[in-house]
Every structure is written in C-alpha cells, then in structure tokens.
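The residues making up each chain are set out below.
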Amino acid sequence: MSVSIREINHYVNTFAKVINKEKVPVYSGNVKVGVDLGTANIAISVITEENQPLAGALYPASVVKDGIVVDFLQAVDIVEKMKRDMEELLGFPLTKASTAIPPRVDKGSRKVITNVLESALFEVTDVLEETNAAAAVLRITDGAVVDVGGGTTGISILKNNKVIYSADEPTGGTHMSLVLAGAKKIPFEEAEKMKKDKTKEKEVFPIIKPVVEKMAAIIKRHLQGFDDVETIYVVGGASCFSEFTKVFQKYIGIEIVKPEHPLLITPLGIALKGGLNKGDERGS
Ligand SMILES: Nc1ncnc2c1ncn2[C@@H]1O[C@H](COP(=O)(O)OP(=O)(O)OP(=O)(O)O)[C@@H](O)[C@H]1O
Ligand SMILES: [Mg+2]
C-alpha cells in the first residue's frame with residue numbers, strides 16, 4: 001500500500017465534515033462531481049480540481065436496486081433536487097458528473113443509470129465500477145476492495161493498478177435488517193433504525209453476524225485462485241459495525257483494512273474520477 005490508512009482517514013474525514021452541511025467555503029474554481037445511485041442512499045459529492053472535498057449530500061432512497069433503476073422518475077426527481085440544492089449551496093451551476101455501477105452490471109442498466117443523470121441535466125463524464133471508485137480513494141494498486149452496500153457485496157481484485165477480477169452478489173445491509181426484524185419481530189424500518197444505533201450494537205451484532213459470515217463466504221469464494229492478495233480493503237455502509245473486520249479476518253484469514261466512514265468512500269471516489277466542471281465556462 002502506497003499511502004497509509006492514517007492519511008486516507010484524514011482525507012475521508014475532510015469529506016465527512018462537509019456532508020449535508022448548509023454552508024460551504026466560498027470557492028469558484030474548477031470542481032469534479034460524483035453521483036452514487038446506491039440501493040440505500042443516493043449521494044452527491046463535489047470536490048475541487050485538487051481533490052479537496054467541498055460539499056456533499058446523502059439522501060436515503062430506494063429507487064435503485066443493485067445498479068438497476070426501479071423507479072426512474074423518482075430517481076430523476078431526487079438527483080435533480082440534490083443537484084439544485086448543491087448548486088444553491090455552492091453558488092454556481094454543476095454541469096458534469098460521473099457515476100458508478102456495481103461490478104458486472106449489464107450494458108442496459110448502465111445506460112439507464114446514465115439516462116437518470118442526463119434527465120437531471122448532468123453531462124455524464126464516466127460510468128465507473130463502484131469498487132474502482134473506492135480503490136481511487138484508498139489509493140491502492142494491488143489487493144482486493146470489497147464494497148458491502150445496502151443490497152450487495154461486491155469485490156474487485158487489483159493488480160498493478162488494473163482490475164483483474166470483479167464480482168457482485170446479493171447480500172448487504174438490507175439483509176442484516178431483515179434478519180434483525182425477524183429475530184426481534186419488529187417491522188423492517190424499526191430494525192433498520194435499531195441496526196444503525198451505536199448504543200445497541202452489542203445486542204444487534206450477534207444477531208446479524210451470520211449475514212457478515214455469509215458476506216465473508218462470498219468474498220472467500222471469489223478470492224480462490226488469487227493467492228497473492230495480501231490485504232482486503234472493506235468499504236460500504238453495511239461494514240460500519242466495529243466487530244465487522246474481526247469476523248471477516250477470522251473467516252477469510254487475510255488482513256482486513258477498513259477506513260473511517262466506510263459509507264462515504266465510494267461516493268468520494270466517484271467524484272475523484274469525475275470530469276472537470278470548469279469555473280471559466282460558467283459564464284455567470
Ligand atoms: N452505522 C451503521 N451501522 C450499520 N449499518 C449501517 C450504518 N449506516 C448505514 N448502514 C447500512 O449501510 C447500507 C447502505 O450502505 P451504502 O450507502 O454503502 O449502500 P448503497 O451504496 O446505497 O447500496 P449498494 O452499493 O448495495 O447499491 C444500508 O443497508 C444501511 O442500513
Ligand atoms: Mg454503494
């Protein structure tokens with residue numbers, strides 16, 4: 001690994017500080033924009049040309065499922081609104097954005113994701129693989145990146161800065177909430193809330209641990225034949241539990257590294273790889 005996890009954490013924390021804030025520093029230079037259409041959250045990230053986080057927003061939504069848009073009109077509405085709010089906050093229009101899809105999503109779904117952004121009046125500069133976006137933040141050239149989101153667990157294996165293998169399978173944070181809802185006999189929404197309550201983690205984790213082990217089993221299976229992977233970097237909202245890496249490590253037997261704010265890594269990475277919105281083209 002070329003950059004220490006301390007540096008990565010510092011960088012991610014600068015992004016965490018600007019998420020959902022109502023004020024941002026005055027800035028009028030070139031920016032890069034990323035839009036992450038996730039199963040649980042839609043995220044928008046804006047960073048400077050020098051990759052310094054400027055602003056960001058997360059909006060809980062269930063309009064996309066594992067890279068497939070299930071409610072096109074609402075997806076467009078949400079992205080449009082997030083774009084508008086962001087433009088108001090920054091004081092200038094945003095015209096270009098990159099986005100991402102889970103590994104191995106088909107061409108048709110890729111097109112629909114692009115259409116959502118275009119309908120919200122963004123020119124799409126790139127459609128990345130989510131795990132590649134994450135790898136850009138982690139600044140790794142070799143190893144495995146695992147993204148445990150709301151709906152799926154994805155993996156990309158990198159060698160010499162190239163993705164040599166990727167996969168994505170159902171099993172994510174939603175499945176944890178379903179298991180918790182069943183065990184506690186409570187509605188899904190309540191389970192989702194309970195799951196994210198840090199003060200309940202000791203009670204919750206043993207119940208959802210089999211889901212974490214299932215995720216680890218998925219990853220272990222996909223790592224077969226890639227014996228030179230020495231480190232697995234874990235990102236995505238469903239990895240937020242403090243015991244998560246321990247379970248993964250025990251099951252897979254490879255060093256696991258999880259940055260702070262794992263939910264923000266992919267959204268930030270999408271902006272990192274975004275095309276420039278040029279300040280001198282704004283004509284305002
Ligand atoms: N503090 C937390 N503790 C446990 N789980 C959390 C926490 N915060 C968020 N999550 C879970 O993380 C998931 C969302 O993560 P993320 O935003 O990475 O997914 P997504 O990008 O929307 O989905 P996908 O990548 O699968 O399409 C949800 O299932 C949510 O409940
Ligand atoms: Mg995601």
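Residues numbered from 1 in each chain as written. Chains lettered and ligands numbered in written order. Predicted model: local features only at pLDDT ≥ 70, side-chain atom pairs only at ≥ 80, totals over all residues. Heavy atoms only, no water.

**With respect to the packing of helix α7 (residues 201-222) against helix α8 (residues 244-252)**
Then, number 1: Closest axis-to-axis distance for the α7/α8 pair is 9 Å, and the angle between their directions is 45 degrees. The angle between the axes of α7 and α8 places the two elements in the oblique class. The two elements α7 and α8 meet at a crossing, and its hand is right-handed. Contacts between α7 and α8 pair Phe205, Lys209, Val212, Glu213, Met215, Ala216, Ala217, Ile219 and Lys220 from the former with Phe244, Val247, Phe248, Tyr251 and Ile252 from the latter.
Then, number 2: Broken down by class, the residue content of the contact of α7 with α8 amounts to eleven nonpolar, no polar and three charged. (Axes fitted to C-alpha atoms, helices over the stretch in contact; angles between N-to-C directions. Helix = DSSP H or I, 4+ residues; strand = E, 2+ residues; numbered from the N terminus. Parallel < 35°, antiparallel > 145°, perpendicular 65-115°, else oblique. Left-handed = near helix turned anticlockwise from the far one by under 90°. Contact = heavy atoms within 4.5 Å. Nonpolar A, V, L, I, M, F, W, Y, C, P; charged D, E, K, R; others polar.)

**Structural notes on the packing of aromatic side chains**
Then, number 1: Enumeration over the complete set of coordinates arrives at three aromatic pairs.
Then, number 2: Plain terms: the ring middles of Phe205 and Phe241 are 5.6 Å apart, the flat faces sit at 50 degrees to each other, and that makes the pair tilted. You can see Phe205 sitting in helix α7 and its partner Phe241 sitting in the loop between β11 (231-235) and α8, a full 36 residues away along the chain.
Then, number 3: A relative accessible area of 6% places Phe241 in the buried class.
Then, number 4: Positioned above the aromatic ring of Phe122, the side-chain terminus of Lys83 is 5.2 Å from the ring centre.
Then, number 5: If you follow Arg282 out to its NZ or CZ, it ends over the ring of Phe92, 3.6 Å from the centre. (Phe/Tyr/Trp six-rings, centres within 6.5 Å; stacked < 30°, edge-to-face > 60°. Buried < 20%, exposed > 50% of the residue type's maximum accessible area, 1.4 Å probe, protein only. Lys NZ or Arg CZ within 6 Å of the ring centre and 35° of its normal.)

**Digging into the nonpolar core**
Then, number 1: Leu37, Leu90, Leu94 and Phe122 are the most contacted members of the largest nonpolar core, which totals 34 residues.
Then, number 2: Of all elements in the fold, only β1 (31-37), β2 (41-48), β3 (53-60), α2 (72-90), β6 (96-101), α3 (107-119) and β7 (123-129) reach the threshold of two or more residues within this core.
Then, number 3: Counting residues per element, this core draws most heavily on α2, at seven residues.
Then, number 4: Non-local contacts of Phe122, meaning those with residues more than four positions away in its chain, are made with Val33, Val35, Ile44, Val79, Lys83, Leu94, Thr95, Lys96, Ala97 and Leu117.
Then, number 5: Membership of the second largest hydrophobic core comes to 33 residues, among which are Val204, Phe241, Phe244 and Ile256. (Core = buried A, V, L, I, M, F, W, Y, C linked by side-chain atoms within 4.5 Å.)

**Things to note about the site of ligand 1**
Then, number 1: Lining the immediate surroundings of ligand 1 are 20 residues, of which Thr39, Ala40, Glu192, Lys195 and Gly237 lie closest.
Then, number 2: For ligand 1, an oxygen atom lies 3.4 Å from a polar atom in the backbone of Thr152.
Then, number 3: Ala238 places a main-chain nitrogen or oxygen 3.2 Å from an oxygen atom of ligand 1.
Then, number 4: The fraction of the free accessible surface of ligand 1 (650 Å²) that becomes covered by protein chains is 90%.
Then, number 5: Elements that contribute at least two residues to the shell around ligand 1 include exactly α5 (173-184) and α6 (188-196).
Then, number 6: If one sorts the elements of the shell around ligand 1 by residue count, α6 sits on top with three residues.
Then, number 7: Shared between two domains, the shell around ligand 1 takes at least three residues from each, and those domains are domain 1 (5-134 + 265-281) and domain 2 (140-263). (Near = heavy atom within 4 Å. Polar contact = N/O pair within 3.5 Å; in protein donor to acceptor, adjacent residues only side chain to side chain. Areas by Shrake-Rupley, 256 points an atom, 1.4 Å probe, with all protein chains shown as cover. Domains from an automatic or database assignment.)

**What about the domain arrangement of the protein?**
Then, number 1: Split by domain assignment, the protein resolves into domain 1 (5-134 + 265-281) and domain 2 (140-263).
Then, number 2: Computed from C-alpha atoms alone, the centre-to-centre distance between domain 1 and domain 2 is 23 Å.
Then, number 3: Listed per partner, the contact involves 22 residues of domain 1 and 19 residues of domain 2.
Then, number 4: For the pairing of domain 1 and domain 2, the buried interface totals around 1,600 Å² over both sides, and the portion due to carbon and sulfur atoms is 58%.
Then, number 5: Summed over the shared surface of domain 1 and domain 2, the number is zero salt bridges.
Then, number 6: Connecting domain 1 to domain 2 are eight residue pairs in polar contact (both at pLDDT 80 or more).
Then, number 7: When contributions to the side of domain 1 that touches domain 2 are tallied by element, the ones reaching two or more residues are α1 (5-16), α4 (130-138) and α9 (262-272).
Then, number 8: For the side of domain 1 that touches domain 2, the element with the highest residue contribution is α1, accounting for six residues.
Then, number 9: Grouping the constituent residues of the side of domain 1 that touches domain 2 by class yields eleven nonpolar, seven polar and four charged. (Buried area = accessible area lost by both parts, 1.4 Å probe. Salt bridge = Lys/Arg side-chain N within 4 Å of Asp/Glu carboxyl O.)

**Focus on the pattern of salt bridges**
Then, number 1: By the definition in use, this model includes eleven salt bridges.
Then, number 2: Residue Lys81 is joined to Asp85 by a salt bridge in which the shortest nitrogen-to-oxygen separation is 2.7 Å. Here Lys81 pairs with Asp85, and both are found in helix α2, just four residues apart, close to one helical turn.
Then, number 3: Taking the relative accessible area as the measure of exposure, Lys81 reaches 42% and is therefore partly exposed.
Then, number 4: Overall, Asp85 belongs to the partly exposed group, its relative accessible area being 38%.
Then, number 5: Residues Glu201 and Lys198 are paired through a salt bridge, measuring 2.7 Å at the closest nitrogen-oxygen approach.
Then, number 6: Relative accessible area serves as the criterion here: at 12%, Glu201 is assigned to the buried category.
Then, number 7: Classification of Lys198 as exposed rests on a relative accessible area of 54%.

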